[in-house]
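# Coordinates in review
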Amino acid sequence: MYRTHTCGELRLSDTGKKVRLAGWVQRIRKFGKMTFVDLRDRYGITQLVFAEAINQRLDQHPLNREYVIQAEGRVVERSNKNPHLPTGDIELLVEQFEVLNEAKTPPFTIEEETDGGDDLRMKYRFLDLRRPPLQRNLWLRYQVARAVREYLDEQGFMDIETPFLIKSTPEGARDFVVPSRMNPHQFYALPQSPQTFKQLLMVSGFDRYYQIVRCFRDEDLRADRQPEFTQIDCEMSFVEQEDVLHIFEGMMRHVFRRVKGIDLPNPFPRMSWEEAMWNYGNDKPDLRFEMLLQNLKVRHKLYCEALHQTGFGVLDQAETVMAIVVPGAATYTRKQVDELTEWVKRPQIGMQGLLYVRCLADGSLKSSADKYFTPDRLAQLQQFCQAHPGDLILILAGKEDKTRKAAAELRLEMGNRLGLRSKEEFKPLWVIDFPLFEYSEEESLPGSVGRWVARHHPFTAPKPEHIAQMVENSPLILPGTDYQDHPYAKIKANAYDMVINGQEIGGGSIRIYQRDLQEKMFTALGLSAEEARQKFGFLLGAFEYGAPPHGGIAFGFDRLCAILGGSDTIRDFIAFPKNNAGRDVMLDAPSPLDEAQLKELHICLRKDQHEN
Ligand code: ASP
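### Examining the pairing of strand E1 (residues 18–31)
- Sheet topology places E1 next to strand E4 (residues 68–77); seven bridges connect them, and they run antiparallel. In the strand pairing of E4, valine 19 is matched with glycine 73.
- In this sheet, strand E2 (residues 34–41) lies alongside E1 in antiparallel orientation, the contact comprising seven bridges. When the sheet's bridge partners are listed, valine 25 is paired in E2 with leucine 39.
- Here E1 folds back onto E2 in antiparallel fashion, the turn holding two residues, of which glycine 32 has a positive phi close to 55°.

Given below as structure tokens:
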């Protein structure tokens, strides 16, 4: 028997017991004729004491960091207790020990805090994973998965696997592809999600399906994404939006209660997409703090009279002017305000500048554009924004989309600076009533400026009262017209996102289940009947054999774990993640194939310009 206990288990009540432990040597300290060793396994750390007699053996077989050893002896009370360790009241007085395996000196310290840089730790991920923080993260991940399964099982959901070698799926990213040896010159695609399969399972009668499943998307890896990530993928039949929201906020409440002991609100608040965009500037509002966006002027429509013909070109010509009121920040120094101005001018934000109005404690108002802002205008502005003495009003002006986005970012930044975004607080909500379509400038159809793309995916159902609007109007956006005036711009979908603390945690929709409506949807997206048949013939065909009404949702499992673990990076919650360039630096993948393998796959490599 290698061990009788784990390294996290022994307590004062165990004193006197003869035990055996096994684990990794974390630290060695010598004091005269005594040696102290911290022995670690995934359960904790126990101090081993090598007293005089056995110490001599230790001199003959010196230990080193990360050696795997087994030690036997008696549990004794420590004279000098360590209150920071659960095992800190005791130590193991070693009578015998054995080195089970030696270890090279690891390239970084394997402790709570490490001295290893990112790249090194990725290369030696198996060592990094020995560190307590990563051990805790993977444990948390397992807990979350377990809680999800527990709840869904209780609700009658069935876990059904779907294939990885498939045909392209339409989640809007690029596919990873796999060459087929048996079918020369043909390729599988890896699923961006099991979307079409779960819909087919509904046609097959499995009315409550789920899967904790890997998805693959070949995207640029900015913003903490991974090329392969995990979803909690779910689908239900004979449901309306209300049923789906009810079941899945229940799931999230269960997970938070089980994993964190936290009760999320019941029910979750809901907000329409329009309201979220108007008040928060994006579709994933962080509700941990207020600081709502103030819409002073939107697409040239004036909401705040203070901006009426100010004579200041920046404001008068801007399509949109927005403000936020930062509580208690009127005392910001010139330097602090300059720094914020630089912040909004960064390329990621891209604004020209930042105006401000200080609402001073004595009730007076002082702006950075006093020449144009008369006292009357300032008072109007203060009233419109409901700013109080002591507050700082920050104003952005420019094109609608950019300004709204910048104001949303500035709000979050000020939330950070004021410490209003605690990782201990969780504010979930549903964002509902999303637009069915999104306008894309990059692509276009013949005779159209730009084109409509599915905001969620092409299987999302329009709201019943908006179906006619879709069916009866052509998708073409005629030159000289504004896409916002097109009837498609107003069509809403039965689509919903679950948002927690400003992060989209899950998204789904009620689906189209009638063949003719699905075909109309493809037409609206500019797919010819032939293309639609070629790409999605299997689904359209299945819809002819009695498809039930259905809907579902998928949650970003890695992201959910990161939020529960109070981290911003999903990578910390994935055992073997890729780096920012999509590489596994431990395996050194991707890597070239040898000639024989290429030949077998009928692949001949093209020399690209960058290789020459
Ligand atoms: N398949 C969708 C996605 O991956 C989720 C869903 O509609 O259920 O975003």
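Still to come is the rest of the account.
### So, the site of the ligand
- Around the ligand sit 13 residues, and of these Glu171, Gln195, Lys198, His457 and Arg511 come closest.
- Serine 193 places a polar side-chain atom, nitrogen or oxygen, 3.1 Å from a nitrogen atom of the ligand.
- Within the contact set of the ligand, an oxygen atom lies 2.9 Å away from a side-chain nitrogen or oxygen of histidine 456.
- Look at the ligand: alone it shows 270 Å² of surface, and the protein chains cover 91% of it.
- Looking at the shell around the ligand, the elements with two or more residues in it are helix H5 (195–203), strand E22 (503–510) and strand E23 (550–556).
- Looking at the shell around the ligand, its residues break down into two nonpolar, seven polar and four charged.

### Description of unusual backbone geometry
- Of note, the amide linkage connecting asparagine 266 to proline 267 takes the cis form, showing an omega dihedral of -5°.
- When you line up the elements, proline 267 lands in the loop between helix H6 (241–260) and strand E11 (270–272).
- A cis amide bond, omega 0°, links alanine 589 with the succeeding residue proline 590.
- Inspection of the secondary structure assignment puts proline 590 in the loop between helix H15 (557–564) and helix H16 (595–600).
- A positive phi angle, close to 70°, is found at histidine 185, a residue other than glycine.
- Topologically, histidine 185 is positioned in the loop between strand E7 (177–179) and strand E8 (187–189).
- In this structure, asparagine 501 is a non-glycine residue whose phi angle is positive, near 50°.
- Relative to the elements of secondary structure, asparagine 501 occurs in the loop between strand E21 (495–500) and E22.

### Comments concerning the sheet that holds E22
- As summarised here, the arrangement of the eight strands in space is E6-E9-E10-E23-E22-E21-E18-E11, forming an open sheet in which the pairing is mixed. Pairing within the sheet leaves two strands with one partner each, and these edge strands are strand E6 (158–159) and E11.
- Note: strand E18 (residues 428–432) against E21, five bridges, orientation antiparallel. Bridging from a neighbouring strand, valine 431 pairs with aspartate 497 of E21.
- Sheet strands in contact with H6 are strand E9 (208–216), strand E10 (228–237), E11, E18, E21, E22 and E23, and its direction is about 20° off that of E21.

### Points about the pairing of strand E17 (residues 392–398)
- Burial of E17 is extensive: seven of the seven residues sit out of reach of the surface.
- Taking every second residue as pointing to the same face, both faces of E17 are buried, with Leu392, Leu394, Leu396 and Gly398 on one and Ile393, Ile395 and Ala397 on the other.
- Bridging between strand E14 (residues 320–326) and E17 involves seven bridges; their strand directions are antiparallel. Residue pairing in the sheet places alanine 323 in a bridge with isoleucine 395 of E17.
- Two strands pair when backbone bridges link them, and strand E15 (residues 355–359) and E17 are joined in this way by four bridges, in the antiparallel orientation. Looking at E17, one finds that valine 357 is bridged to isoleucine 393.

### Structural notes on the packing of helix H4 (residues 132–154) against H6
- Here H4 crosses H6 at 135°, and the two axes come no closer than 9 Å. Classified by the angle between their axes, H4 and H6 sit oblique to one another. Relative to H6, H4 is oriented so that their crossing is right-handed. Contact with H4, carried on its side by Leu140, Gln143, Val144, Ala147, Val148, Glu150, Tyr151 and Leu152, involves Ile247, Phe248, Gly250, Met251, His254, Val255, Arg258 and Val259 of H6 and no other residues of that element.
- Residue classes in the contact of H4 with H6 are distributed as eleven nonpolar, three polar and two charged.

### Side note on the nonpolar core
- Residues Val144, Leu152, Phe248, Met251, Met252 and Phe437 are the most contacted members of the largest nonpolar core, which totals 68 residues.
- The leading source of residues in this core is H6, at nine residues.
- When neighbours within four sequence positions are excluded, phenylalanine 437 is seen to be in contact with Trp452, Val453, Arg455, Met470, Tyr488, Ile491, Met521, Ala524 and Leu525.

About the thresholds
Residues numbered from 1 in each chain as written. Predicted model: local features only at pLDDT ≥ 70, side-chain atom pairs only at ≥ 80, totals over all residues. Heavy atoms only, no water. Pairing = 2+ DSSP bridges. Helix = DSSP H or I, 4+ residues; strand = E, 2+ residues; numbered from the N terminus. Near = heavy atom within 4 Å. Polar contact = N/O pair within 3.5 Å; in protein donor to acceptor, adjacent residues only side chain to side chain. Areas by Shrake-Rupley, 256 points an atom, 1.4 Å probe, with all protein chains shown as cover. Nonpolar A, V, L, I, M, F, W, Y, C, P; charged D, E, K, R; others polar. Contact = heavy atoms within 4.5 Å. Axes fitted to C-alpha atoms, helices over the stretch in contact; angles between N-to-C directions. Buried < 20%, exposed > 50% of the residue type's maximum accessible area, 1.4 Å probe, protein only. Parallel < 35°, antiparallel > 145°, perpendicular 65-115°, else oblique. Left-handed = near helix turned anticlockwise from the far one by under 90°. Core = buried A, V, L, I, M, F, W, Y, C linked by side-chain atoms within 4.5 Å.

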